[in-house]
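In case you want the letters, here they are:
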Amino acid sequence: MSTVDEQAKVPDSPAGAETGAPPAEAADESSGSFIFLFFIIGFFAAAILGWVVFPKVLYSTQYQPIDFSHAEHVEMVDEGCESCHYLREDGSFSGVPTLAECIDCHEEINGDSEDERIFYEEYVAKDREVPWLVYSRQPDCVFFSHAAHIVGAEMECATCHGDIGESDSLKPYQENRITGYSRDIWGYNIAGFKRNTWDRMKMDDCSDCHQEAGGVAHSSSVQTQRGACFVCHK
Amino acid sequence: MTSAQTHTENGAQTDGKPVAHGADNGHLHKYGMVIDLDKCTGCGACMVACMSENNVPFRDDETDKLTSITWMRVYKLTNGKPYPDNDVCYLPRPCQHCEGHAGHSPCVSVCPATATDYSTETGIVSQIYTRCFGCRYCMAACPYHARYFNWWDPVWPDGMEKYLSPNVSPRMRGVVEKCNFCFQRYQLAKDKVYVDGESTVSEEAYQTACTQACPAGAITFGDLNNPEHLVHQLAQPDDHHHGHPRNPNAFRLLERLGTNTKVYYVSSREWVRRAGDNYLPDEQTGGGGH
Amino acid sequence: MKIDRRCFLSFAIGGAAGTALSPLPWKLTDDSSIWSQMWPWTPVPPDGESTYDHSTCTLCPGGCGITVRSIDGRAIKIEGRDGHPVNQGGICPLGLAGLQLLYGPTRVKAPLKRVGERGAGKWQRISWESAVAEIAETLAGLRSSGQAHTVAAISSRNRGTVAALMERFLTALGSPNFLRMPTMEDAQELGLYINQGILGSVGYDFENSDFVLSFGAGLIDGWGAPVRMFLAKSAWQDAGAKVVQIESRFSNTAAKADQWVNIRPGSEADLALGIAHVLVAEELYDTSFVGRHTADFDAFQAALADYTPDAVATTTGVSVETIAALAKAFAEAASPVAVYGRGKGQVPGSLKEVLAVTALNALVGNINQPGGMWAIPEGEGMPWPDIETDAVAAEGLQKPRIDGAGTGKFPNSRYLLNRLPAVLAEGSGYGLKALFIEDANPLYSLPDTVAMQAAFAQIPTIVSFASHMDETAAFADYILPNHVYLERYEDVVVTAGLNTRTIGLAQPIMAPLYNTQHVGDTLIQLAQAMDEPVAAAFPWEDYQTCLEESLGDNWDTLEEEGVWTDESFAADPEAGFETTSGDFEFVGDLGADVLTAATAAAEGDATAYPLLLVPYDIMRLVSSRVGAPPFMIKTVPDTILKGQDILVEINPQTAQAAGLADGKGASLETPRGRARVKVHLSEGIQPGVIAMARGLGHTAFDKYLADKGVNVNSLMGAVIDPVSGYDAVWGIRAKLMRA
């Protein structure tokens, strides 16, 4: 921690260096560890800030208007996920069901759950669409083809969406305060590490899988020799 | 090297891996357009069809044509002769989707952001707005003025944003945009191919908005690689000479720059064909392709 | 232990290291780049289920079929409807931009009542009930004071249920004053009546013609049903048919024609008669048709005496050789057809011209023949019960029409709206106390906007049914906004030069966006708010009931197919004619005088105004009731509009004489007005002629359209044809000075 100037003084006053003042040295030593302590404090404070506080500040937590149970519904339908989330005839994907689709079964209250009562009174009766918060919503520049993945690549829903289909309850929706997108896109690990395929859905994650899949569509870019941009962008 | 060889090379990268599945894999398209300038009446329907299909913004004053964003623009050519021998021809100009040499089109070669790219699957030059950082190098490189810069954020009068299409992402200030052969329609057509279990996108399933709208039937769109498609029959591209048209009435704009474009023009008038490139006074048209 | 500067530095460095090893900087960088790529104020159009619905476009008389793409019920794109009999999937720029009219900022969002001065733009929202009650009270007052006939209505059309309801409303009140906006159809219909004794419209079997001789008709500049004409033009090219365009300006139609005949403006009738002269003199005409099917050939031949090629060459500037060659080519073609109507055909034009052009078709026997000119008889009226008029109504209906049509000087003319300013200014008629305006913008689209506005200013009550705040609506006392065509049902009876009998159905694509009401419903409510005889004439619960009942058996077809075409209809060349003679009559009772009379000259003194101002039409602008939407204005070239300035087209010779250079400002003056313009030098226009595009110079509508350029109608006056009473204006004398 000494400056060049301080070091330069040493040869100029050898006597002072040899006979000099041990207290000063001791002070230096204690100051050294002390300084290191500050380094540690700074380091850990920043690390805690970055790893623990930052994610809490970055994301706001919102709750779904109705605590929907996928598990309960999957039991009652015949075709699994595709009973409600299906490919339309024109090849587009229906996504989250509309109120009209819900009403097909919920024209009146079927059970005794509090959530169904809220759903009926607040939405069915008032003919209002449910403002669901969509965990997997991608930016507007993304064109994601469910048809290509479900039909073309014969992928399972869970590969990207995880086990949401087995959940009894909808987890809180965490919205990135800067981008406005769901935390599920970046992933819950703030460092971006993932263990499961569905933990993250950034462009790199798409790209990794496309690289593995190969094929013309995944190597047609002249710029990158990978998938051309217009495969998944619009 | 011909474009066909390029494709083989790219295809070879997939050796040993399971070739993916589904729509159009293995099909190397080269989407292109043939515009009959004798039929074009200059009505401007293609321009409006394009604007309404592609969420193209508009401003209070659109008379400064340098800043007016029109992916498809109809130019008026004249033969330069004095009254009353003056003649006029209209020339609709979308992005020419240059293949250049092995996909190195003028704009793609210079983009420092990988925001514009050439796809060997479709032959379409793409533009990813979110990737573009607005250096406008591509605009300088494009010989056709087909690229436009968003100097301002788009503003739709209150309520008018309701007609915006979800299939095309509205652009923001500071990025370049251009015609992409209504690529969203290809994406949607491919989705349909998947659910219908067909093997490839058919000619009628993928047509651009301008082609569909043209009331004179002057625009034809399709796969230049596919001899069954009308564009192939009209332009008769010669693959051994960078797609040079064998139809004697067909020409491409500034063909001798080697841009190897995919928009062909047809005209029975010699002066119109001459207007498509720079010729010496005694030089004949129709000798391009190199 | 001492906390010094070093400790602080150490802390900061530790903090930096800790930060660098945390995800914070990297995540923040990523997030802020995403944020900057997708500004929150850039709209994100919501996705959903895509649906396609068919309807009929009503923005021009063409009646094209459209297909509207919607996302979750939100209309996002208009396309041409494949396989539609009129447009076969094609569509024009205006049709494509229709959604900008639907969602546009100039929509009238609720019934309005004027509170400030007329035209000052001060309005108060009122309920439909009070609007209807107030207007019904005004009308009842007029009826009770014996002034029922002082109520008039202007509409762009007289066919279909809405126009019929309007006319019926006037009849029930006791007024004969239903006025149709003038177009070339006026003169064509009159010509058809004189020639063939038929009430109906003129159609052309263009698809089967092999030689088209167009007297200034903007065949691909918006004439007739524009998309059908584009298709026909491409078909002519494929089939090798010849097109000759006779016009003083090298329009798009001229550019696409096989031959451009450069004619002195306004002398088209003379050229037609010159060609006829050659056909007759050289016996090139169809003697069989003329001999068997015409009644007054001798009178016609006598009239041709004045139109020798030499004389016509002097009048028209077209050489004797060209006249002879045109006559020869026209006679030699298998299915030649001569066409009438300048530009988009928005001015009726002179009767002489329509008779002269039709005579050519008769001379080659191509009347009601394949590839020729067809008579399309008007369909039967509405299957509605007769109106039981009371004494008040009967008295009102006895009165002559305010515009003088159908009586006195103009016995066979039906609507003479163009005479209204003169009649009201003179005070010769009985004046108007109330005016209804539906589907029309007369204060913009008729010549002499100043005189028209002065005439309107004399009318105490003006009720507009406009969906948008156009010039006429802005000058009204009440606006009872109609739904936009994409929000309503309506039968669209298509004439527009079609050689078929076609009805399209406009169907609602979306629920109405605002507090608007179908004009049919408003009329029914107005009638029902009045006394028994008027109310009884409108027994329908609502417009929808009336529409379904009126269309009868066709309703099911229309609802299913969206369009109905009378399959049984085809012109029958052997059917004979319905004139008193039973034959085709070239001039009928009018005698040869109608053809020998001098052609209507342009207003103004040639010395004071050495140039001629001639309006022209292009597909990229709209000059009718509709204001061009922003997308169309965007397509207008900068040789027509630059900034706020309109550019007029002049020949370099004209420019040199006036000391003007390309793009320079100039002052344009006519006997009717003065405007600041810029000049665009063009080699495609005759020296001495100034061409100005129609469709600019709006004072109403939004900032994308208003105050841009000049409305050519503000520089021109109506020229009344002495025989028909129709407006025969084709230009006006003008001068151009350096500004």
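Conventions used here
- Residues numbered from 1 in each chain as written.
- Chains lettered and ligands numbered in written order.
- Predicted model: local features only at pLDDT ≥ 70, side-chain atom pairs only at ≥ 80, totals over all residues.
- Helix = DSSP H or I, 4+ residues; strand = E, 2+ residues; numbered from the N terminus.
- Buried ≥ 20, exposed ≤ 12 C-beta atoms within 10 Å, placed from the backbone.
- Contact = placed C-beta atoms within 7 Å.
- Pairing = 2+ DSSP bridges.
- Right-handed = clockwise from strand over helix to strand, strands pointing away.
- Axes fitted to C-alpha atoms, helices over the stretch in contact; angles between N-to-C directions.
- Nonpolar A, V, L, I, M, F, W, Y, C, P; charged D, E, K, R; others polar.
- Core = buried A, V, L, I, M, F, W, Y, C linked by C-beta atoms within 7 Å.
- Domains from an automatic or database assignment.
- Expected span 1.5 Å × (residues − 1).
- Parallel < 35°, antiparallel > 145°, perpendicular 65-115°, else oblique.
- Left-handed = near helix turned anticlockwise from the far one by under 90°.
- pLDDT = per-residue confidence, 0-100.
- Arc of directions from axis to C-beta.

Engineer: When you look at the overall build of chain B in this model, what are you seeing that I'm missing?
Structural biologist: In terms of regular secondary structure, chain B is built from eight helices and 12 strands. Within the span of chain B, comprising 290 residues, buried residues form 56% of the whole. At a minimum sequence separation of 6, the contacts of chain B that also span at least 24 residues come to 61%.

Engineer: How do you make sense of the overall build of chain A when you look at a structure like this?
Structural biologist: Secondary structure assignment for chain A yields 10 helices and two strands. Secondary structure of chain A in N-to-C order comes out as α-α-α-β-α-α-α-α-α-β-α-α. Put simply, chain A has 234 residues, and 23% of those count as buried. Pairs at least 24 apart in sequence give 60% of the contacts found in chain A among residues at least 6 apart.

Engineer: Is there a simple way to explain unusual backbone geometry in this structure?
Structural biologist: Residues apart from glycine generally show negative phi values, whereas peptide bonds are mostly found in trans. The omega angle of the peptide bond from Tyr-83 of chain B to Pro-84 of chain B is 0°, so this bond is cis rather than trans. Summarising the element assignment, Pro-84 of chain B is placed in the loop between strand 2 (73-78) and strand 3 (88-93). The backbone of Asn-55 of chain B sits at a positive phi, close to 50°, despite the residue not being glycine. Of note, the phi angle at Asn-368 of chain C is positive, near 55°, even though the residue is not glycine. Within the secondary structure, Asn-368 of chain C is located in the loop between helix 15 (351-363) and strand 13 (373-377). Taking the C-beta count within 10 Å as the criterion, Asn-368 of chain C has 24 such neighbours and is therefore assigned buried.

Engineer: Help me understand the pairing of strand 6 (residues 151-155) of chain C in this model?
Structural biologist: Put simply, side chains in a regular strand alternate between the two faces of the sheet. Residue and element names in this part refer to chain C. Buried residues dominate strand 6, accounting for five of its five residues. Side chains Val-151, Ala-153 and Ser-155 of strand 6 all project onto a buried face; the interleaved residues Ala-152 and Ile-154 project onto the opposite face, where all are buried too. Here strand 6 pairs with strand 14 (residues 434-438) via five bridges, running parallel. Bridging from a neighbouring strand, Ala-153 pairs with Phe-436 of strand 14. For the handedness criterion, the β-α-β arrangement of strand 6, helix 6 (residues 161-173) and strand 7 (residues 177-180) is classed as right-handed.

Engineer: Would you explain the sheet that holds strand 19 (residues 563-565) of chain C in this entry?
Structural biologist: Backbone-to-backbone hydrogen bonds join strands into a sheet, with any given pair of strands oriented parallel or antiparallel. Residue and element names in this part refer to chain C. If you trace the three strands from one edge of the open sheet to the other, you get 17-18-19, paired in antiparallel fashion. Every interior strand has two partners, whereas the edge strands, strand 17 (490-494) and strand 19, have only one. Across the sheet, the mean angle separating the axes of adjacent strands is 20° when strand polarity is ignored. The sheet contact formed by strand 17 and strand 18 (residues 502-506) spans five bridges and is antiparallel. Bridge pairing in strand 18 places Val-494 opposite Thr-502. Most of the contacts of helix 24 (residues 554-561) go to strand 19, to which it runs at about 130°, and overall it touches strand 18 and strand 19.

Engineer: Quick question: what am I supposed to make of the environment of Ala-12 of chain C here?
Structural biologist: All names here are of chain C. Locating Ala-12 in the fold gives a position in helix 1 (residues 5-20). Exposure remark for Ala-12: the 14 C-beta atoms within 10 Å place this residue in the partly exposed category. For the pair Ala-12 and Leu-613, spaced 601 residues apart in sequence, the C-alpha to C-alpha distance is 80 Å.

Engineer: What is the right way to read the interface of chain B and chain C from this model?
Structural biologist: It is common to give the size of an interface as the accessible area lost on bringing the parts into contact. Taken residue by residue, the interface counts 50 residues in chain B and 58 residues in chain C. Among the elements of the structure, helix 2 (45-53) and helix 6 (209-213) of chain B are those that each provide at least two residues to the side of chain B that touches chain C. With seven residues, the single largest contributor to the side of chain B that touches chain C is helix 2 of chain B. Looking at the side of chain B that touches chain C residue by residue, the classes come out as 23 nonpolar, 13 polar and 14 charged.

Engineer: Explain the nonpolar core to me, please; I cannot follow it from the model alone.
Structural biologist: One broad trend across soluble globular proteins is that nonpolar side chains are buried collectively. Core analysis: the largest hydrophobic core is formed by 336 residues, its most contacted members being Cys-46 of chain B together with Ala-272, Ile-275, Leu-360 and Ile-690 of chain C. Inspection of this core shows a minimum of three residues originating in each of domain 2 (206-371 + 582-596) and domain 3 (611-738) of chain C. With residues up to four places along the chain from it excluded, the contact list for Cys-46 of chain B reads Met-72, Val-74, Pro-92, Cys-210, Ala-213, Cys-214 and Ile-219 of chain B. With seven residues, the next largest nonpolar core counts Ile-35, Phe-39, Phe-43 and Ala-46 of chain A among its residues.

Engineer: Just to check I follow, could you spell out the sheet that holds strand 8 (residues 219-223) of chain B for this structure?
Structural biologist: All names here are of chain B. Within the open sheet, the four strands sit side by side as 8-1-12-11. Their pairing is mixed. The sheet is open, and its two borders are formed by strand 8 and strand 11 (250-251), each paired with just one other strand. In terms of strand pairing, strand 1 (residues 31-36) meets strand 8 through five bridges, oriented antiparallel. Following the sheet pairing, Val-34 is matched in strand 8 by Thr-220.

Engineer: I keep staring at helix 2 (residues 24-37) of chain C and nothing clicks. Help me out?
Structural biologist: In an α-helix, one full turn covers 3.6 residues, which means residues spaced three or four apart are oriented alike. Helix length check: helix 2 of chain C, at 14 residues, gives a terminal C-alpha distance of 20 Å against a target of 20 Å (1.5 Å per residue), a fit within 8%. Those residues of helix 2 of chain C that sit buried are Leu-24, Lys-27, Ile-34 and Gln-37 of chain C.

Engineer: How should I be thinking about the packing of helix 10 (residues 268-281) of chain C against helix 13 (residues 309-316) of chain C in this particular structure?
Structural biologist: The description of two helices packed together rests on the angle between their axes and the distance between the axes. Residues and elements named next belong to chain C. Their axes nearest at 9 Å, the elements helix 10 and helix 13 cross at an angle of 160°. One finds that helix 10 runs roughly antiparallel with respect to helix 13. Between helix 10 and helix 13 lies a crossing whose hand is left-handed. Where helix 10 abuts helix 13, its residues Asp-270, Leu-271, Gly-274, His-277 and Val-278 lie against Pro-309, Val-312, Thr-315 and Thr-316. Counted by class, the contact of helix 10 with helix 13 contains four nonpolar, four polar and one charged residues.

Engineer: Would you take a moment to explain the confidence of the model for chain A for this structure?
Structural biologist: Close inspection of predicted coordinates is inappropriate for parts of the model with low pLDDT. On average, residues of chain A carry a pLDDT of 85, and 85% of them reach 70 or more. Note on residues 1-26 of chain A: pLDDT under 50 across the span, and four contacts to partners over four residues away in sequence or across chains.

Engineer: What is the right way to read helix 12 (residues 297-304) of chain C from this model?
Structural biologist: Residues and elements named next belong to chain C. Among the residues making up helix 12, those that are buried are Phe-297, Phe-300, Ala-303 and Leu-304. Here the buried residues of helix 12 occupy an arc of 120° about the axis, which is enough to place them on one side. Lining the buried residues of helix 12 we find helix 10, helix 11 (287-293), helix 15 and helix 25 (593-596).

Engineer: Would you explain the pairing of strand 10 (residues 242-247) of chain C in this entry?
Structural biologist: Residues and elements named next belong to chain C. Among the six residues in strand 10, five count as buried, and that is most of the element. Pairing of strand 9 (residues 211-214) with strand 10, which is carried by four bridges, proceeds in the parallel orientation. Its bridge partner being in strand 10, Ser-214 is matched across the sheet by Gln-245. Between the parallel pair strand 9 and strand 10, the chain is carried across by helix 8 (residues 226-239), and the sense of this crossover is right-handed.

Engineer: Is there a simple way to think about the environment of Ser-623 of chain C in this case?
Structural biologist: All names here are of chain C. Looking at where Ser-623 falls in the secondary structure, it is placed in the loop between strand 20 (611-616) and helix 26 (630-635). In this structure the C-alpha to C-alpha distance between Ser-623 and Ser-445, which are 178 residues apart in sequence, comes to 6.3 Å. Apart from residues no more than four positions distant in its own chain, Ser-623 is found in contact with Lys-344, Gln-346, Ser-445, Asp-617, Arg-694 and Gly-695.

Engineer: What exactly am I supposed to notice about the packing of helix 10 of chain C against helix 14 (residues 320-332) of chain C here?
Structural biologist: All names here are of chain C. Close contact between helix 10 and helix 14 brings their axes to 9 Å; oriented N to C, the two are set at 65°. Regarding the angle of helix 10 to helix 14, the classification is roughly perpendicular. The handedness of the crossing between helix 10 and helix 14 is right-handed. Residues Gly-274, Ile-275, Val-278 and Leu-279 of helix 10 touch helix 14, and the partners they reach there are Ile-323, Ala-324, Leu-326, Ala-327, Phe-330 and Ala-331. Counted by class, the contact of helix 10 with helix 14 contains nine nonpolar, one polar and no charged residues.

Engineer: Looking at this structure, how should I read the environment of Cys-50 of chain B?
Structural biologist: All names here are of chain B. Mapped onto the fold, Cys-50 is located in helix 2. Considered as a pair, Cys-50 and Pro-94 are 44 residues apart in the sequence and their alpha carbons are 9.5 Å apart. Apart from the residues lying within four places of it in its own chain, the contact partners of Cys-50 are Val-56, Trp-71, Met-72, Ala-209 and Cys-210.

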